[in-house]
Amino acid sequence: MVDPGAARPDVSVVVIVYNDARRLPTAVRSVLRQTLRSVEVVIADDHSTDNTPEVAAELQAEDPRVRYVRLPENSGGCGRPRNVGTEVSTGRTIMFLDSDDRLERHACKNLLEALEDNDADFSMGLVRRQYMDTGRQTKWYPHLFEERRVVAGLAEAPELIEDVLSVNKLFRREFLERHDLHFPEDVHYEDQVFSLKAYNSASRIAIIPENVYVWRIFPVRARRSITQQRGEITNFHHRLAVHRRLDAYLAEHGTPELQRAKDLKFLQNDMRLYLADVIDGDGTVTAEVLAEAEPYLRGIPMDRYAALPLALRAAFGMALRHDLEGLRQLMLLDRRNILASRVSDHDGTTYLSNTDRVPGPDPAHDLDAPENVLLVAGRDPIVRAPIGTYHLLHEVVQARAVGSDLVLSGRTYDALGKLAAADGWSLTLSARRAESDDRVEVPVAVDQRADDWVTWTARLHAGRHLARLTADASWTLHVATRISGHESSTPLIWHPGTEAAQLPLPLALHRGAGLSGTLGPGNLGNTEITVTMAPGLRRRVTNRITKRYQPALEEQVTKHWRDADTAKAQRRLYQGWRQLPLDRRLVVFEANLGTIYGDSPKYVYEAMRRLHPQMKAVWVLPPDHEPPHPDVEVVERGSAAYRRVLARAAYWVDNQTFPSYIRKRPEQRYLQTWHGIPLKKMGHDEPGAPPPPPQPDRGVGAWDELCVPNRYFEETFVPAYRYAGGLVRYGTPRNDALVDGSMTQQEARRLLDLPQDARVVLYAPTFRQDNRSKRLAVEVPFDVEAFLEGMDDNTYLLLRPHYLNRIRVPASVRHRTLDTASVEDVNILYHAADVLVTDYSSVMFDYALLRKPIVFYTYDYGEYLATRGTYFDLLEVGPGPFVTTTRELVAAVASAQTDRAEYAAKYQHFLERYCGDEDGSASERAVRALLGEAGAP
């Protein structure tokens, strides 16, 4: 008992430990370094057999706030040490910490302030999971912690039941004692029982959005916590036992709503983990889990299953059938978005089924039995899922060594018939080395097409591609699928029962360096190649060579080639090429900094090809991009070839600008098509330091002709950049396709694989400066799931980020949401869409040419106006409704067609004043201006 007269710390943190002396100091010091100084640490040692007592003594000697208690015998779990630590602690409030995790530095301060300011029973904050092998971080149920709030227990916020952790919470001691709250000591997953009782007993819970706890996830080979050991059936015994206790507690103290929330948590979280293990497990433990779980699963009301996403719901149907292969196929869809199950119609009902068995309902069970009902797909979006919203199943079924090659026999399952219906498609196998940019691509030879299956063969040269002078290396195999212009890369799945294969390494590597390699299953069903080196003298020698001598060896061997890539050598080459005569028939085209074949340069190129077929084109594109036509040379931006063609070509065309190191020769001609009509202020009009004055051989000063969409552009953009060259009035080449009738909505939807009768909404936001990195995904600023739930089932959302951004598609709506960043011609999206949703992007000016509804989602208009400034007040002249919440967005999009008359006058003014003056011939005018033909404006 705590002495009521003694001075008490504000917070006691109970740190439980068992045989984890190495990590214990990190955990303890994360408490001692808290910005809140009034803390104590209670190390509760579950009778460790390593040097934990000595480490604890050292920590006590360092800081008097550390206390230590050792259990007389090991309890085998977390409940007993937490209870003992709580008993000996003295703080007014209590937190819990595991020895292999740590607290965020302001955790105690932030939680205590929330607790006291809101007179709460306990407070809780965000958990950040840190994967120690890769450094990757994720948030634990972030939707629960989006805002600061106070709730009156589970009755007000039943969703809290998802967060069963005890370690991200600060409890009042008086609250725990009043409700006699303690951890079960005879079962694992004790957090779930403790947390549910705490939630249900609390009258006020304070929630903060700040991160308070760092949950450190160590590689399986290094360390697994008790609750991470799902490969042991006893682990599932404990999990199920805990849920039976929760059911008993809720039967006495809960409500039907809480029981439903708890059941859904079990299905979506707890049980889902065990079902997913079938993907890369041997099936033995999964079979035992299903046998034990079946009575419990059958006792869960069917309305809980009906609330699950289709893939997971159907997986439970397979689980009740005890069909492990069918379960594996469905968990690939649930966890990896790989459609591996058969989709078929039977008497007007669509089912998911095991591809290895008779399609449709299982005749061994009644049609209304859960084994069949749970596998009904109905009108789920997956039945009509467009290309790009899911992955095809690619799996290896045989691997064998042929000489020095590793020959893979694989198959691809085309559940929805996309390959059969496509104009053209191809497969490419790639091997990617972990923690490296190394990548090897080899073509896939199609052997046979039969029904929904495609069988194929691929060859990897083991020595040339996969072996390196290094101790260890691992490669993951992927298959890239190109279908009618769409491309996606999917891990190659290892089919259960396939025998692992030895890598046929060259003799010098195998015997001389002691290397050996294996192709086999990896994590989550991946196909992986692992190259290892035998322990002993050869490994030590090779390690020393790698670290000490290999850099020098590479310095000598590769010096010639590396020097060719140095900036100095590149500059010398470039200056030399600039002295050569110009190629009067050569035109260089670049769009979006050399990333796409699209925008206005594409349309100028196609017009030039029609009007002047004698001209030669070079396109600046990524190295793996297909040439626009077989006779077109492709060069990569920044390469030596890039400098060569820009030095020699008589004509340049782009939509932004070339790098500053490129200098235009006086006799070269440069057509600038620019990529959008400005809303935000640009150039000298932009807040901040003005851009440097134009130089005649680079940037704006090098432009000879500028495509001018309309008078508004001429009044704003041209003076903003102090441009004084020729003007190609009026129209934008890329917009020819919006007004000349060359594309229809039907054709656009066919290209995107969208249903013709669907409602299609295009969301295209402006460039976000803080998210410039292509490697960082930009969150959609509205609730995509709530938006689509508010629309009918036949609504599809196209996400079109700025080309310097990338948007993350929420997994819950991925079969009705398309990331269209890879669609190079944005006109296809414009034609396909019924409604545009945008903020401040220049796409509004082009899309309006189609006279279709526009909705403005301007949740941060004030901030945007303050930081960038605009040429006009969009709120006054925008030709559509302005919304700032998801609910308003749903209403505006739903009524967009019927509200057109309300915005007709503003729409017409917007078209006349701000949109391009288009007649469908801008591309031809641009060609004439570029080539300096007579009659060009």
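Residues numbered from 1 in each chain as written. Predicted model: local features only at pLDDT ≥ 70, side-chain atom pairs only at ≥ 80, totals over all residues. Heavy atoms only, no water.

**Q** Please explain the packing of aromatic side chains as it appears in this structure.
**A** Aromatic ring pairs: the centre-centre distance and the angle between the two ring planes describe each pair. Counted under the stated rule, the structure contains 43 aromatic pairs. Here F266 and Y296 contribute two aromatic rings whose centre-to-centre distance is 5.1 Å and whose plane-to-plane angle is 75°, an arrangement assigned as edge-to-face. In this pair, F266 is assigned in helix α9 (residues 256-276) and Y296 in helix α10 (residues 284-298), connecting sequence segments 30 residues apart. Relative to F717, the ring of F713 has its centre 4.6 Å away and its plane inclined at 15°; by these criteria the two rings are stacked. Taken together, the residues span about one helical turn, with F713 and F717 both in helix α23 (residues 711-720) at a distance of four residues. The class of F713 is buried, set by a relative accessible area of 1%. Judged by its relative accessible area of 0%, F717 falls in the buried class. (Phe/Tyr/Trp six-rings, centres within 6.5 Å; stacked < 30°, edge-to-face > 60°. Helix = DSSP H or I, 4+ residues; strand = E, 2+ residues; numbered from the N terminus. Buried < 20%, exposed > 50% of the residue type's maximum accessible area, 1.4 Å probe, protein only.)

**Q** For this particular structure, what's the right way to read the nonpolar core?
**A** What tends to happen in soluble globular proteins is that the nonpolar side chains get buried as a cluster. If you look at the biggest cluster of nonpolar residues, it comprises 162 residues, and the most contacted ones within it are L160, M271, L275, L297, F316 and L429. Setting aside chain neighbours within four positions, we find L275 in contact with L290, L312, A315, F316, A319, L327 and M331. Grouped together as the second largest cluster of nonpolar side chains are 74 residues, Y642, A758, V826 and L911 included. (Core = buried A, V, L, I, M, F, W, Y, C linked by side-chain atoms within 4.5 Å. Contact = heavy atoms within 4.5 Å.)

**Q** Looking at this structure, I do not really get the packing of α9 against helix α12 (residues 310-321). What am I missing?
**A** The angle between the axes and the distance between the axes are what describe a pair of packed helices. Between α9 and α12, whose axes approach to 11 Å, the crossing angle comes to 55°. For the element pair α9 / α12, the angle class is oblique. Seen from above, α9 lies across α12 with left-handed handedness. On the side of α9, the interface is formed by L267, Q268, M271, R272 and L275, while α12 contributes L312, A315, F316 and A319. Of the residues that constitute the contact of α9 with α12, the class distribution is seven nonpolar, one polar and one charged. (Axes fitted to C-alpha atoms, helices over the stretch in contact; angles between N-to-C directions. Parallel < 35°, antiparallel > 145°, perpendicular 65-115°, else oblique. Left-handed = near helix turned anticlockwise from the far one by under 90°. Nonpolar A, V, L, I, M, F, W, Y, C, P; charged D, E, K, R; others polar.)

**Q** Help me out: how do you make sense of the pattern of salt bridges in this one?
**A** For the coordinates displayed, the defined rule picks out 57 salt bridges. Among the ionic pairs, D303 bridges to R260, the shortest N-O distance being 3.3 Å. One end of the pair, D303, is in helix α11 (residues 302-306); the other, R260, is in helix α9, and 43 residues separate them in sequence. Overall, the relative accessible area of 35% leaves D303 in the partly exposed class. (Salt bridge = Lys/Arg side-chain N within 4 Å of Asp/Glu carboxyl O.)

**Q** Is there a simple way to think about the sheet that holds strand β39 (residues 854-857) in this case?
**A** Two orientations exist for strands paired in a sheet by backbone hydrogen bonds: parallel and antiparallel. In space, the six strands of this open sheet follow the order β37-β35-β33-β38-β39-β40, with parallel pairing throughout. Of all strands in the sheet, those with a lone pairing partner are β37 (817-819) and β40 (882-883), marking the two edges. (Pairing = 2+ DSSP bridges.)

**Q** Just to check I follow, could you spell out the domain arrangement of the protein chain for this structure?
**A** Interfaces are often described in size by the accessible area the parts lose on coming together. Each assigned domain of the protein chain is listed with its residue range as follows: domain 1 (11-227), domain 2 (229-384), domain 3 (412-506 + 513-536), domain 4 (567-735) and domain 5 (745-917). Counting residues at the interface gives 15 residues for domain 2 and 16 residues for domain 3. Counting the surface lost from both domain 2 and domain 3, the interface buries some 1,200 Å², and carbon and sulfur atoms represent 59% of this. Among the residues of domain 2 in contact with domain 3, D280, R328 and R336 are the three that bury the most area, contributing 37% of the side total. Our count for the contact surface shared by domain 2 and domain 3 stands at zero salt bridges. Secondary-structure elements contributing two or more residues to the side of domain 2 that touches domain 3 are α13 (324-336), β11 (338-339) and β12 (342-346). Here the element with the most residues in the side of domain 2 that touches domain 3 is α13; it accounts for four residues. For the side of domain 2 that touches domain 3, a count of residues per class yields eight nonpolar, two polar and five charged. (Domains from an automatic or database assignment. Buried area = accessible area lost by both parts, 1.4 Å probe.)

**Q** Whenever I open this one, the pairing of strand β1 (residues 11-17) confuses me. Can you help?
**A** Side-chain direction in a regular strand flips from residue to residue, so the side chains alternate between the two faces of the sheet. When you tally the buried positions in β1, you get seven out of seven residues, the bulk of the element. Here β1 shows two buried faces, one formed by V11, V13, V15 and V17 and the other by S12, V14 and I16. Note that β1 and strand β4 (residues 93-98) share six bridges and pair parallel. What sits directly across from I16, in β4, is D98. With helix α1 (residues 24-32) bridging β1 and its parallel neighbour strand β2 (residues 39-45), the resulting β-α-β unit is right-handed. (Right-handed = clockwise from strand over helix to strand, strands pointing away.)

**Q** Would you take a moment to explain the sheet that holds strand β27 (residues 616-620) for this structure?
**A** Judged by pairing direction, the sheet is parallel, and its seven strands sit side by side in the order β28-β27-β26-β29-β30-β31-β32 without closing on themselves. The sheet is open, and its two edges are formed by β28 (633-635) and β32 (726-729), each paired on a single side. On average, adjacent strands in this sheet sit at an angle of 25° to one another, irrespective of strand direction. Note: strand β31 (residues 705-708) against β32, four bridges, orientation parallel. The residue bridging V708 from the neighbouring strand is R729, located in β32. Set on the sheet, α23 makes contact with β31 and β32; between it and β31 the angle comes to about 140°.

**Q** It is not clear to me how the pairing of strand β33 (residues 759-763) should be interpreted in this structure. Could you clarify?
**A** Among the five residues that make up β33, four are buried, leaving the element largely enclosed by the rest of the structure. Sheet analysis places β33 next to strand β35 (residues 795-799), joined by five bridges and oriented parallel. Across the sheet, L762 pairs through a bridge with L798, a residue of β35. Both β33 and strand β38 (residues 835-838) contribute to a ladder of three bridges, which runs parallel. Opposite V761, over in β38, you have V835 as the bridge partner.

**Q** What is the right way to read the UniProt feature "domain: Glycosyltransferase 2-like" (unreviewed entry) in the protein chain from this model?
**A** In the numbering adopted here, UniProt assigns the feature "domain: Glycosyltransferase 2-like" (unreviewed entry) to residues 12-178. Structurally, residues 12-178 comprises 31% helix and 28% strand, and the distance from its first C-alpha atom to its last is 18 Å. (UniProt positions renumbered as here; feature names shortened; annotations may be inferred.)

**Q** I'm lost on helix α3 (residues 79-88) in this one. Help?
**A** Since one α-helical turn is 3.6 residues long, residues separated by three or four positions face the same way. Among the 10 residues of α3, seven are classified as buried, and the element is accordingly described as predominantly covered. Those residues of α3 that fall on the buried side of the exposure criterion are G79, P81, R82, N83, V84, G85 and T86. Buried positions along α3 lie against β1, β2, β3 (66-70), β4, α6 (173-178) and α7 (190-201).

**Q** What is the right way to read the environment of E590 from this model?
**A** With respect to the element layout, E590 can be found in strand β26 (residues 583-590). For the pair formed by E590 and A811, sequence separation is 221 residues and the distance between their alpha carbons is 34 Å. Contacts of E590, omitting those with residues within four sequence positions, involve P601, W619, V620, R637, Y642, V653, D654, N655, T657 and F658. A polar contact of 3.0 Å, which involves the side chain of E590, links it to the side chain of R637. At 2.9 Å, the side chain of E590 forms a polar contact with the side chain of Y642. (Polar contact = N/O pair within 3.5 Å; in protein donor to acceptor, adjacent residues only side chain to side chain.)

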